[in-house]
Amino acid sequence: MFDTLYEWFWWDRLWLPVNLTWSDLEDGEGRVYAKASHLYVTIPYALTCLLIRYLFERWIATPLALSAGIKQRVHLRTEHVPILEHYYTCQSRSPAQADIDGLSKKSSLSVRQVERWFRRRRSQDRPGVLKKFTEASWRFVFYLLAFLGGIAALYDKEWFYDTREVWTGFPRQSMLQSQYWYYILEMSFYASLLFSVTFDVKRKDFKEQIIHHLATLVLLSFSWCVNYIRIGTLVMLVHDASDVLLESAKLFNYAKWENTCKTLFVLFAVVFIVTRLVIFPFWLIHCTWVYPVHHYPAFFGYYFFNVMLVVLLCLHVFWAYLILRMIKKFIFGTLTRDERSDGEDEEEEESVPSEDEGEGQHKLGNGRAMDEKEDKNGCFGSLSPPENICWSKTVC
């Protein structure tokens, strides 16, 4: 049974054009081809990425954040109320008014006290600016290195300047060492992002991020196995450009360098729209839709690959919509928060200051804060770039 499924999965007609078989992609005559077995190495590399990220965030990003004046805020711990805690963890973080009334009776607390408890409990779980800064720092460093590495790997290749050359000699195109490392490191990074989604800052587009990461890994794996490596490297490079600007804008946002943040965000928006809504569909998707049929008849893998690219293009449109909304509010001076931040950012955020800000700003009585303070993260009052818009690049 397993052998039958294995043979069907790797059936030549699913992956390769007519008159081509896997034997045509075996090493020989000075050519080296990508193999599915190479992809196993991305798992230990992804785990290594997580380790490097942990060390980077702890020993480099955190001191950098502190030097920029970003302090870890200490949220007010909520009084432990078993009935409310059980509802919070098992049913909903934001109960309806009817549920609040019922919980008030069960816990012998007033409605106002129950509402305050849930606000503080949500605030207690909300990540602070320091965590966001360290995450953005890690992604910025990787995207910058990936972009520079992509330029170094592709600047002297003919298909970098003429996309028709992507398919010249396909599929008998020998894999270069630079292409191998470009692909493996990018895939390892995306796999590490997928592993870390449970403890990274969660946003409104959490589902879109998961779809994005999975589609990215599927397309990377598919393009690797069928030797679509040339077009894959081009798409990765195109998307690296905007990601570097996004992460840098977020870093300056968290550090409250508002003018620098605004400038980088506007530049990011321009580059994002040009690369992902112009170059990506009209150059690269056009390259994968039109040129291949000049060399071989369309086959299942051809349609699968292009449909997946269109799915990712739809995600680009979704994120571009959010960006344009922010640009509109920025122009008319009505932007007060991140358009794609978690809905919790809209609520009153109760916290106490960091230890070095003094202990006298909040008076405590019977375990409750008598004074409540709304936490304004970064420069949400002026311009806050989308926290994780395309936090991973769309690649094929």
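Since the structure is predicted, the reported quantities are computational estimates derived from the model, not experimental observations. (Residues numbered from 1 in each chain as written. Predicted model: local features only at pLDDT ≥ 70, side-chain atom pairs only at ≥ 80, totals over all residues. Heavy atoms only, no water.)

Participant: Please provide a residue-by-residue account of the overall build of the chain, values included.
Facilitator: Across its full length, the chain carries 12 helices and two strands. Written out in order from the N terminus, the α and β elements of the chain read α-α-α-α-α-α-α-α-α-α-α-α-β-β. The buried share of the chain, reckoned over its 396 residues, is 50%. Across the chain, every contact between residues at least 6 apart in sequence was considered, and the portion connecting residues at least 24 apart equals 82%. (Helix = DSSP H or I, 4+ residues; strand = E, 2+ residues; numbered from the N terminus. Buried < 20%, exposed > 50% of the residue type's maximum accessible area, 1.4 Å probe, protein only. Contact = heavy atoms within 4.5 Å.)

Participant: So what's going on with the layout of surface pockets? Which residues, and what values?
Facilitator: One way to see where empty space is left: roll a probe the size of a water molecule over the atoms. Considered as a void within the structure, the largest pocket measures approximately 610 Å³ in volume. Within the residue set of the lining of the largest pocket, elements represented by two or more residues are helix H3 (42-67), helix H8 (177-196) and helix H9 (206-225). If you tally residues by element for the lining of the largest pocket, the top one is H9, at five residues. (1 Å grid on protein atoms, 1.4 Å probe; cavity = no way out; pocket = protein on both sides within 12 Å on 5 of 7 lines; lining within 4 Å. Points joined across faces, edges and corners; volume = space filled by probe spheres on them.)

Participant: Describe helix H10 (residues 229-254), naming the residues involved and giving the relevant values.
Facilitator: Helix length check: H10 (26 residues) gives 37 Å between terminal C-alpha atoms against 38 Å at 1.5 Å per residue, within 8%. The largest bend in H10 is about 25°, located at Asp240. A large share of H10 lies buried, amounting to 24 of its 26 residues. (Expected span 1.5 Å × (residues − 1). Bend = angle between axes of the 7 residues up to and from the residue.)

Participant: Talk me through unusual backbone geometry; I want residue IDs and the actual numbers.
Facilitator: Following Phe170, the chain continues to Pro171 via a peptide bond in cis, the omega torsion being 0°. At Asn19, a residue that is not glycine, the phi angle is positive and equals roughly 70°. Positive phi outside glycine occurs at Asn227, with the angle close to 65°.

Participant: Could you give an account of the nonpolar core, with specific residues and numbers?
Facilitator: Ranked by internal contacts, the top residues of the largest apolar core, which has 73 residues, are Trp167, Trp224, Tyr228 and Ile231. Listed by contribution, the elements that provide at least two residues to this core are helix H2 (12-15), H3, helix H7 (129-154), H8, H9, H10, helix H11 (258-289) and helix H12 (300-332). What Trp224 contacts, discounting residues up to four positions off in sequence, is Ala34, Lys35, Ala36, His38, Leu39, Met175, Gln179, Tyr180, Tyr183, Ile184 and Ile229. (Core = buried A, V, L, I, M, F, W, Y, C linked by side-chain atoms within 4.5 Å.)

Participant: Which residues make up the packing of H8 against H10, and what are the values?
Facilitator: Where H8 contacts H10, the two axes come as close as 11 Å, and the packing angle between them is 60°. If you check the angle between H8 and H10, you find them oblique. In this structure, H8 meets H10 at a crossing whose hand is left-handed. For the pair H8 and H10, contact is made by Gln179, Tyr182, Tyr183 and Glu186 and by Ile229, Arg230, Gly232, Thr233, Met236, Leu237 and Asp240, respectively. Taken together, the residues of the contact of H8 with H10 sort by class into five nonpolar, three polar and three charged. (Axes fitted to C-alpha atoms, helices over the stretch in contact; angles between N-to-C directions. Parallel < 35°, antiparallel > 145°, perpendicular 65-115°, else oblique. Left-handed = near helix turned anticlockwise from the far one by under 90°. Nonpolar A, V, L, I, M, F, W, Y, C, P; charged D, E, K, R; others polar.)

Participant: Describe helix H4 (residues 82-90), with residues and values.
Facilitator: Among the residues of H4, Leu84, Glu85, Tyr87 and Tyr88 are the ones counted as buried. End-on view of H4: buried residues confined to an arc of 165°, all on one side of the axis. Seen from the open side of H4, the exposed residues pointing more than 90 degrees away from its buried face are Pro82 and Cys90. (Arc of directions from axis to C-beta.)

Participant: For the packing of H3 against H8, give the residues involved together with the corresponding values.
Facilitator: Where H3 meets H8, the closest approach of the two axes is 8 Å, and the angle between their N-to-C directions is 65°. Between H3 and H8, the interaxial angle falls into the category roughly perpendicular. Crossing hand, H3 versus H8: right-handed. In contact with Thr42, Ile43, Tyr45, Ala46, Leu47, Cys49, Leu50 and Arg53 of H3, H8 contributes Trp181, Ile184, Met187, Ser188, Phe189, Ala191, Ser192, Phe195 and Ser196. Grouping the constituent residues of the contact of H3 with H8 by class yields 12 nonpolar, four polar and one charged.

Participant: Describe a nonpolar patch on the surface, with residues and values.
Facilitator: Together, Val266, Val270, Val274, Val278, Phe282 and Trp283 make up an exposed nonpolar region whose accessible area comes to about 540 Å². With respect to the element layout, Val266 can be found in helix H11. For Val266, a relative accessible area of 32% gives the class partly exposed. (Patch = residues over 30% accessible without salt bridge, like charges linked within 9 Å, V, L, I, M, F, W, Y side chains within 5 Å. Areas by Shrake-Rupley, 256 points an atom, 1.4 Å probe, with all protein chains shown as cover. Salt bridge = Lys/Arg side-chain N within 4 Å of Asp/Glu carboxyl O.)

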